[in-house]
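Listed below, chain by chain, are the residues.
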Amino acid sequence: MTSTITQWGRQQAAEYRGGTDRPLGGYAALLGIYGSVVAGTAVVGRLARRRIPDRFSAGDIVLLTVATHRLSRTIAKDPVTSPLRAPFTRFKGPGAGEEIEETVRGHGVQHSVGELLGCPMCLAQWCATAIAAGLVIAPRPTRLAMVTLSAVAGADFLQYGYALLQKVTEG
């Protein structure tokens, strides 16, 4: 029975790839990790007798959105976090602003993790889930982290706006 399921899965993966190198096994592993972490967080929340609120405030949603943006970009593009990505990516060169560009390397799980860690939009789901879980399990320190990340994101936008105004007035 197991070999039949395995064979069926391999056939589906081969047909999906269409001759390209798509690390579906790595993606499946990441999905399993994500689901396990979410389930584990739910267990921790239940053991700590924390309840998921019926709703989040508009302020929490705004902070969550901006903090998710900043955290996912920091993990995926910041030079200081490159040691986290180094086992899965290769330095390509400077990117926009002070960010860096990298290419994914390896095959299978290594390639899948490289795609995840190098893509702020891909990381956003993971970051938002972690921050939202923090709001339930440890709301005060999580709000502090959200405010900090949101302030950094706001400062980034102000820096870019200031630089743009300098170019306009000098040009």
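Everything here concerns the structure above.
Owing to the predicted nature of the structure, the values given are computational and were not obtained by experimental measurement.

Here we take up the overall build of the chain. Counting secondary structure elements, the chain contains seven helices and two strands. When the helices and strands of the chain are listed from N to C terminus, the series reads α-α-α-α-β-β-α-α-α. At 20 Å, the chain has a C-alpha radius of gyration far larger than the 16 Å of a compact globule built from 171 residues. Taken across its 171 residues, the chain has 23% of its residues classed as buried. In the chain, once contacts between residues fewer than 6 apart in sequence are set aside, the share between residues at least 24 apart is 59%. Of the roughly 11600 Å² that the chain leaves accessible, carbon and sulfur atoms contribute 65%. For the chain, the distance from the average position of its 18 positive side-chain charges to the average position of its 12 negative side-chain charges is 10 Å.

The next point concerns the pattern of salt bridges. Note on pairing: side chains with opposite charge can pair once their charged atoms come close. Counted under the stated rule, the structure contains six salt bridges. In this structure, D60 and R143 form a salt bridge, with 2.7 Å as the shortest nitrogen-oxygen distance. Taken together, the residues span a long stretch of sequence, with D60 in helix 3 (residues 58-77) and R143 in helix 7 (residues 139-170) at a distance of 83 residues. The exposure class assigned to D60 is buried, which follows from its relative accessible area of 9%.

Moving on, we come to the environment of V113. Examined against the element boundaries, V113 turns out to sit in helix 5 (residues 108-117). Sequence spacing of V113 and L144 is 31 residues, and the spatial spacing of their C-alpha atoms is 29 Å. Setting aside chain neighbours within four positions, we find V113 in contact with L30 and F88.

Attention now moves to the pairing of strand 1 (residues 89-94). Two faces, one strand: in a regular strand the side chains alternate between the faces of the sheet. As judged from the five bridges shared by strand 1 and strand 2 (residues 100-104), these two strands associate in the antiparallel manner. Its bridge partner being in strand 2, P94 is matched across the sheet by I100. The antiparallel hairpin formed by strand 1 and strand 2 contains five residues in its connecting segment, where G97 sits at a positive phi of about 60°.

Calculation rules
Residues numbered from 1 in each chain as written. Predicted model: local features only at pLDDT ≥ 70, side-chain atom pairs only at ≥ 80, totals over all residues. Heavy atoms only, no water. Helix = DSSP H or I, 4+ residues; strand = E, 2+ residues; numbered from the N terminus. Rg over C-alpha atoms; globule rule 2.2 N^0.38 Å. Buried < 20%, exposed > 50% of the residue type's maximum accessible area, 1.4 Å probe, protein only. Contact = heavy atoms within 4.5 Å. Areas by Shrake-Rupley, 256 points an atom, 1.4 Å probe, with all protein chains shown as cover. Lys, Arg positive; Asp, Glu negative; His and termini not counted. Charge placed at Lys NZ, Arg CZ, Asp CG, Glu CD. Salt bridge = Lys/Arg side-chain N within 4 Å of Asp/Glu carboxyl O. Pairing = 2+ DSSP bridges.

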